[in-house]
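# Topology and contacts: notes
Here are the chains, one letter per residue:
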Amino acid sequence: MVTASHITHLECTTTGEKVEAGTLHNLSPAGSPLFARYNLDALKGRLTPDSFAGRDAGFWRYRELLPVRDAANIASLGEVFTPLVPLRGIGSGTVVVKDEGRLPTGSFKARGLGVAISMAKELGVTRIAIPTNGNAGAATAAYATRAGIESYVFCPDDTPQTNVRETALQGGKVWRVNGMIDDCGKIVHQGEEAMGWFNVATLREPYRVEGKKTMGFELAEQLGWELPDAIFYPTGGGTGLIGMWKAFDELEAVGLIGPKRPRMIAVQAAGCAPIVRAFAAGEDRAERWENASTAAAGIRVPAAIGDFLILRALRESGGFAIAVEEEEIFDARARIAGEEGLLLCPEGAAPVAAYLKALENGLIGKDERTIIFNCGNGLKYPMPDHSRTLDMHAPIDWESFA
Ligand SMILES: *Cc1c(COP(=O)(O)O)cnc(C)c1O
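Model, not experiment: these values are computed from the prediction. (Residues numbered from 1 in each chain as written. Predicted model: local features only at pLDDT ≥ 70, side-chain atom pairs only at ≥ 80, totals over all residues. Heavy atoms only, no water.)

## Re a nonpolar patch on the surface
A cluster of nonpolar side chains, Leu390, Ile396, Trp398 and Phe401, forms an exposed patch at the surface whose accessible area comes to about 460 Å². Here Trp398 lies in the segment after β13 (370-374). (Patch = residues over 30% accessible without salt bridge, like charges linked within 9 Å, V, L, I, M, F, W, Y side chains within 5 Å. Areas by Shrake-Rupley, 256 points an atom, 1.4 Å probe, with all protein chains shown as cover. Salt bridge = Lys/Arg side-chain N within 4 Å of Asp/Glu carboxyl O. Helix = DSSP H or I, 4+ residues; strand = E, 2+ residues; numbered from the N terminus.)

## Looking at the site of the ligand
The environment of the ligand is made up of 17 residues, and the closest members are Lys109, Lys212, Tyr233, Gly236 and Gly238. Here Gly236 contributes a backbone N or O atom positioned 2.8 Å from an oxygen atom of the ligand. Where the shell around the ligand is concerned, the elements lending two or more residues are β10 (230-234) and α8 (239-254). Split by residue class, the shell around the ligand holds six nonpolar, eight polar and three charged. (Near = heavy atom within 4 Å. Polar contact = N/O pair within 3.5 Å; in protein donor to acceptor, adjacent residues only side chain to side chain. Nonpolar A, V, L, I, M, F, W, Y, C, P; charged D, E, K, R; others polar.)

## Regarding the packing of α8 against helix α10 (residues 307-316)
Two packed helices can be described by the angle between their axes and the distance between those axes. With their axes 9 Å apart at the nearest point, α8 and α10 run at an angle of 55° to one another. Classified by the angle between their axes, α8 and α10 sit oblique to one another. You can see that α8 and α10 cross each other, and the crossing is left-handed. The segment α8 lies against α10, with Leu241, Ile242 and Trp245 engaging Leu309, Ile310, Ala313, Leu314 and Glu316. Across the contact of α8 with α10, the residue classes tally to seven nonpolar, no polar and one charged. (Axes fitted to C-alpha atoms, helices over the stretch in contact; angles between N-to-C directions. Parallel < 35°, antiparallel > 145°, perpendicular 65-115°, else oblique. Left-handed = near helix turned anticlockwise from the far one by under 90°. Contact = heavy atoms within 4.5 Å.)

## Remarks on the sheet that holds strand β2 (residues 18-19)
On the basis of which strands lie adjacent, the open sheet formed by three strands has the order β2-β1-β3 and antiparallel pairing. Pairing within the sheet leaves two strands with one partner each, and these edge strands are β2 and β3 (34-38). Where strand β1 (residues 7-12) meets β3, five bridges bridge the pair, whose relative direction is antiparallel. When the sheet's bridge partners are listed, Glu11 is paired in β3 with Phe35. (Pairing = 2+ DSSP bridges.)

## A few points about the sheet that holds strand β5 (residues 95-99)
Read from one edge of the open sheet, six strands run β4-β5-β13-β10-β11-β12, paired in mixed fashion. A single partner strand is all that each edge strand has here, and the edge strands are β4 (84-86) and β12 (320-324). Between one strand and the next, the sheet's axes are offset by a mean angle of 25°, whatever the strand orientation. Summarising the sheet, β5 and β13 pair through five bridges and their orientation is parallel. Note on β13: the bridge partner recorded for Asp99 is Asn374. Taken strand by strand, helix α7 (residues 214-222) contacts β4, β5, β10 and β13, and its axis lies near 130° from that of β5. Taken strand by strand, α10 contacts β11 (263-269) and β12, and its axis lies near 130° from that of β11.

## As for unusual backbone geometry
The phi dihedral of Leu203 is positive, around 65°, even though this residue is not glycine. According to the relative accessible area criterion, Leu203 is buried, its value standing at 2%. Not every positive phi belongs to a glycine, and Trp225 is a case in point at roughly 60°. Among the secondary structure elements, Trp225 is positioned in the loop between α7 and β10. (Buried < 20%, exposed > 50% of the residue type's maximum accessible area, 1.4 Å probe, protein only.)

## Description of the pairing of β5
Of all five residues making up β5, five are buried, and the element is well covered by its neighbours. By the alternation rule, side chains of β5 split into Val95, Val97 and Asp99 and Val96 and Lys98, which are all buried. Pairing between β4 and β5: three bridges, direction antiparallel. What sits directly across from Leu84, in β5, is Lys98.

## Focus on the side chain of Asn199
Summarising the element assignment, Asn199 is placed in strand β9 (residues 198-199). Within the structure, the side chain of Asn199 is placed 2.9 Å from the side chain of Glu192, a separation counted as a polar contact. Looking at Asn199, its side chain comes within polar contact range of the main-chain nitrogen of Ala201, at 2.9 Å. Look past the residues within four positions of Asn199 in its chain and what remains in contact with it is Asn26, Ala129, Val188, His189, Glu192, Arg204 and Glu205.

## Observations regarding the domain arrangement of the chain
Domains assigned within the chain are domain 1 (7-73), domain 2 (84-106 + 208-378) and domain 3 (109-199). Its C-alpha centre places domain 1 at a distance of 23 Å from the equivalent point of domain 2. Counting residues at the interface gives 22 residues for domain 1 and 18 residues for domain 2. Carbon and sulfur atoms supply 72% of the area that domain 1 and domain 2 bury against each other, a total of about 1,800 Å² over both sides. Among the residues domain 1 hides against domain 2, the three largest losses belong to Phe35, Tyr62 and Leu65. Together they make up 29% of the total. Scanning the region where domain 1 abuts domain 2 turns up one salt bridge. Here domain 1 is connected to domain 2 by six residue pairs in polar contact (both at pLDDT 80 or more). Elements with a contribution of two residues or more to the side of domain 1 that touches domain 2: β3 and α1 (40-43). (Domains from an automatic or database assignment. Buried area = accessible area lost by both parts, 1.4 Å probe.)

Okay, structure coming up:
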């Protein structure tokens with residue numbers, strides 16, 4: 001049984017230039033995201049389904065294909081296998097929600113930041129900073145505190161209150177900024193020199209995507225090492241979509257899965273849909289979306305540095321990009337909560353709305369085995385009040401209850 005990281009080097013996603021893995025990096029010399037590469041040949045046939053038996057649940061079980069070399073650097077808050085919850089009322093029993101809201105800090109940002117912050121610790125970082133729409137800030141604060149690292153968090157001023165407050169309580173120094181997430185990103189970049197912090201913005205360091213790719217590993221393992229037909233993914237920076245696409249190649253290279261791939265489907269809100277627009281126009285890169293607006297904060301990302309990687313994965317997989325209206329998002333949240341007993345976050349309701357729309361438009365078949373990502377815990381978001389009042393001193397009219 002092998003258990004050590006098999007990372008060999010980093011690689012530029014545009015030029016293929018190799019970069020040393022054992023030192024700190026943000027973007028490649030060409031200004032592109034860096035991907036971690038592993039000695040997959042050495043793992044071929046040696047990393048088998050049996051290798052994982054007896055290991056703890058949670059994403060650290062994939063140690064061979066994660067970058068952390070010394071287990072002492074792992075910052076952990078009790079990561080779990082996130083469950084697959086079948087939906088009974090839509091599709092034909094073929095639609096399953098992967099509920100990422102069960103992770104520490106209540107969102108899948110725990111995967112990316114758990115790994116990135118553990119790596120930052122391994123590489124001697126003592127202070128980090130991040131631009132966020134909320135959940136990434138909370139995960140940063142929590143994992144940084146766990147790792148003994150100082151964290152600075154910058155979010156748009158209308159970021160959900162829960163996110164701002166949980167970030168502060170978990171030790172993050174947090175600022176609301178009168179701009180979008182990419183404006184916050186500029187502040188983080190500007191402060192690199194003056195503040196000496198390490199920038200952990202989406203895809204601007206190589207390891208958040210390594211954490212996010214574990215969604216692909218976990219999904220494959222949960223499905224008996226066979227991938228579904230389609231994945232609907234709420235897409236902001238696209239880390240998860242890019243990460244899963246990378247994960248599938250790694251799994252095939254080591255022999256854990258075959259060549260079959262799911263269609264990757266990027267879901268965005270109609271008020272911020274740069275990837276949908278670029279996909280439709282046949283572009284390789286996405287232009288910034290002006291005046292971005294959606295209550296699904298996690299996917300309000302006007303410009304993504306990994307746009308070309310998202311678009312490439314969609315096209316290579318035979319997938320597509322689709323936008324949904326605000327009303328469709330909140331109708332889907334109410335429907336799944338009311339009919340299935342499953343509370344989604346707005347970003348997780350968006351792919352449900354997209355699935356329904358795609359079904360109607362014939363973009364997806366009823367029999368396709370489909371995974372929908374609920375990316376965060378529904379309890380973190382405002383919900384409509386439907387309560388009634390009752391006067392305990394007055395006679396109760398039981399008939400009015402029916
Ligand atoms: C960050 C986030 C997203 C977008 O994830 P990416 O992988 O960066 O595209 C979606 N939903 C929620 C709740 C998020 O926090």
